[in-house]
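This is what each chain is made of:
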Amino acid sequence: MTPRHEPLPRVVVLGAGSWGTTFGKILADGGADVVMWARRPELAHEINEAKRNSKYLPGINLPRTMTATSSLKEALDGAEQIYLSIPSQQVRTSLKPLRPLIASSDAPIVSLMKGVERRTGLRMSQVIEQELRCDPGRVAVASGPNLALEIAREQPTAAVISSVSQETADAVARRARNTYFRTFVNTDVIGTEFGGVLKNLIAVAIGIVDGVGYGENTKASIVTRGLVEMTDFAVAQGAHPETLQGLAGLGDLIATCQSPLSRNNTAGRLLGQGYSFQDVVKRMEQTAEGLASVAPILQLARAAGVHMPIVEQVKMVLDGTMNPRDIAPHLTTDDDTPQGERTQNGQAGGGGALWRSLQRTLDQLRNSGRRAPRD
Ligand SMILES: NC(=O)c1ccc[n+]([C@@H]2O[C@H](COP(=O)([O-])OP(=O)(O)OC[C@H]3O[C@@H](n4cnc5c(N)ncnc54)[C@H](O)[C@@H]3O)[C@@H](O)[C@H]2O)c1
Ligand SMILES: O=P(O)(O)OC[C@H](O)CO
């Protein structure tokens, strides 16, 4: 008698660019039956027939258990989990046709994106919750040092899966792992998402000074001070500082700032070489999320009273109001008075992120008597 095989769990990835396709491979190599949704039928055809995505992942063979379709309805049919990898500025409109198709499903929805919506400043999990009108506990996000091409070549790495629901985070992490992709979990969605957004902005700064021709001292200063800015900002928005010390913060910051594969780093390098913002946008063939996130992040930072000198200067270079060569001398402050080197936890200055977070929590407890939310 031939042995009967259990059907593989079916998952869907919406968006067949470099990260969507790589994540599809991660899931397929982890034992899932993966359906990719590609906007362009030619791309779906190439994935099905040649097991390749030559535009985004040249030279990578895709697993046999990965198929593709350009029909959203067909892609979503029977999906146990739904992954989204579409440029952040396009997510809201892309979600509209999804709502009726998933009305009777309770499949977790996982954001693979690392941007904020320019118009609203919302994180991608918030846009998903709004557009799909779903419970936050159904939404998860994935983030970490995850350069697509390295992972598609099966070079080992790790990521964090975060959801306000521990159960959802666990279920997604169990599905999205294999021998070269290790997933950890947390419930700090704010910190995990903002880690991915903010490291892009620091990577643009690194690219700029690289393009100018500055060396390792400049870059190390920007990475170190950049992590302080990231932590201050994220904690002011409600994140846990330790999340920014982890894979979704420091880990991703290192990978993105060091790698020529990073599109944000590349965009910055072009700016540093003297290309205008418009030229850079024209030359980028793939998504560099940092370029669209700078303005909304600075708006949120100003509203929360968080000082982000590096990100401010990236914005000035993008706007053409600062010469890229001038970005480094103003790394920390324009103030003439020497300052203590305040790091994440508020040493040497007492105004740190952790302290403000504690104060906020105490205020919430005092004012409402309710439990302080973790996220
Ligand atoms: N590439 C990476 O290494 C990497 C790693 C981690 C996270 N990310 C994040 O993943 C997200 C997607 O990035 P990517 O690298 O896959 O970008 P990409 O530019 O490689 O691909 C984007 C894909 O989205 C499609 N698309 C564009 N507009 C669309 C729309 N309106 N509807 C449907 N599909 C649309 C494009 O056709 C393309 O297939 C970004 O937020 C990025 O920050 C990327
Ligand atoms: O190519 P980037 O700059 O979008 O970075 C890719 C990933 O986010 C790295 O983790």
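No experiment lies behind these values; they were computed from the predicted model shown. (Residues numbered from 1 in each chain as written. Chains lettered and ligands numbered in written order. Predicted model: local features only at pLDDT ≥ 70, side-chain atom pairs only at ≥ 80, totals over all residues. Heavy atoms only, no water.)

A. Layout of the environment of Gly-30. Mapping Gly-30 onto the fold places it in the loop between α1 (18-29) and β2 (33-37). Gly-30 sits in the partly exposed class, given a relative accessible area of 32%. For the pair Gly-30 and Arg-177, spaced 147 residues apart in sequence, the C-alpha separation works out to 5.7 Å. Sequence-distant contacts of Gly-30, that is, excluding residues within four places in its chain, are made with Arg-177 and Asn-178. (Helix = DSSP H or I, 4+ residues; strand = E, 2+ residues; numbered from the N terminus. Buried < 20%, exposed > 50% of the residue type's maximum accessible area, 1.4 Å probe, protein only. Contact = heavy atoms within 4.5 Å.)

B. Up close: the domain arrangement of the chain. Domain annotation of the chain identifies domain 1 (10-187) and domain 2 (191-368). Tallying the contact residues gives 31 residues for domain 1 and 25 residues for domain 2. Joining domain 1 to domain 2, the criterion identifies two salt bridges. The closest approach of N and O atoms between Asp-252 and Lys-114, which form a salt bridge, is 2.8 Å. Applying the counting criterion to the domain 1 and domain 2 interface returns eight residue pairs in polar contact (both at pLDDT 80 or more). When residues of the side of domain 1 that touches domain 2 are traced back to their parent elements, those giving at least two are α6 (124-132), β6 (139-143), α7 (148-152), β7 (157-162) and β8 (181-186). No other element matches β7, which puts four residues into the side of domain 1 that touches domain 2. Across the side of domain 1 that touches domain 2, the residue classes tally to 13 nonpolar, twelve polar and six charged. (Domains from an automatic or database assignment. Salt bridge = Lys/Arg side-chain N within 4 Å of Asp/Glu carboxyl O. Polar contact = N/O pair within 3.5 Å; in protein donor to acceptor, adjacent residues only side chain to side chain. Nonpolar A, V, L, I, M, F, W, Y, C, P; charged D, E, K, R; others polar.)

C. Geometry of the nonpolar core. Among the nonpolar cores identified, the biggest contains 44 residues, and Phe-194, Leu-198, Ile-297 and Met-308 are the most heavily contacted of them. Listed by contribution, the elements that provide at least two residues to this core are α9 (189-212), α10 (216-236), α12 (247-258), α13 (263-272), α15 (290-304) and α16 (309-319). At twelve residues, α9 tops the list of elements feeding residues into this core. Once residues within four sequence positions are removed from consideration, Phe-194 is found in contact with Val-116, Arg-123, Phe-233, Ala-234, Gln-237, Ile-297 and Leu-300. (Core = buried A, V, L, I, M, F, W, Y, C linked by side-chain atoms within 4.5 Å.)

D. Quick peek at the packing of aromatic side chains. Counted under the stated rule, the structure contains four aromatic pairs. Taken together, a centroid distance of 5.7 Å and an interplanar angle of 80° make the contact between Phe-23 and Phe-181 edge-to-face. Of this pair, Phe-23 sits in helix α1 while Phe-181 sits in strand β8, placing them 158 residues apart in sequence. Residues Phe-23 and Phe-181 agree in their burial class; the two are buried. Residues Phe-194 and Phe-233 carry aromatic rings whose centres are separated by 5.0 Å and whose planes lie at 85° to one another, so their mutual orientation is edge-to-face. Here Phe-194, found in helix α9, pairs with Phe-233, found in helix α10; they are 39 residues apart in sequence, far enough to count as distant. With a relative accessible area of 3%, Phe-194 lands in the buried category. Between the NZ or CZ atom of Arg-182 and the centre of the ring of Phe-184, over which it lies, the distance is 4.3 Å. (Phe/Tyr/Trp six-rings, centres within 6.5 Å; stacked < 30°, edge-to-face > 60°. Lys NZ or Arg CZ within 6 Å of the ring centre and 35° of its normal.)

E. Broad picture of the site of ligand 1. Taken together, 23 residues surround ligand 1, and among them Ser-18, Ala-148, Arg-263, Thr-287 and Glu-289 come closest. Between an oxygen atom of ligand 1 and a main-chain N or O atom of Gly-17, the distance comes to 3.2 Å. Thr-287 has a polar side-chain atom sitting 2.7 Å from an oxygen atom of ligand 1. Burial of ligand 1 by the protein chains amounts to 89% of its free accessible area of 820 Å². Class assignment of the residues belonging to the shell around ligand 1 gives a composition of ten nonpolar, nine polar and four charged. Lining the shell around ligand 1 are residues from two domains, each supplying at least three of them: domain 1 (10-187) and domain 2 (191-368). (Near = heavy atom within 4 Å. Areas by Shrake-Rupley, 256 points an atom, 1.4 Å probe, with all protein chains shown as cover.)

F. A look at the packing of α9 against α12. The N-to-C vectors of α9 and α12 enclose an angle of 30°; their axes lie 9 Å apart at closest approach. The angle between α9 and α12 falls in the class roughly parallel. For the crossing formed where α9 meets α12, the hand is right-handed. Note on element contacts: α12 touches α9 through Ala-248, Asp-252, Leu-253, Thr-256 and Cys-257, opposite Thr-192, Gly-195, Gly-196, Lys-199, Asn-200, Ile-202, Ala-203 and Ile-206. Class assignment for the residues of the contact of α9 with α12 results in six nonpolar, five polar and two charged. (Axes fitted to C-alpha atoms, helices over the stretch in contact; angles between N-to-C directions. Parallel < 35°, antiparallel > 145°, perpendicular 65-115°, else oblique. Left-handed = near helix turned anticlockwise from the far one by under 90°.)

G. Highlighting the confidence of the model for the chain. Confidence along the chain averages 91 in pLDDT terms, with 89% of residues attaining 70 or more. Low pLDDT (under 50) marks residues 346-351, which in the prediction has ten contacts with non-local residues, meaning those over four places away or in another chain. Within the model, pLDDT remains below 50 along residues 368-375, and this stretch shows 16 contacts once partners closer than five positions in the same chain are excluded. Interface predicted TM-score (ipTM) for the complex: 0.99; the corresponding pTM is 0.92. (pLDDT = per-residue confidence, 0-100.)

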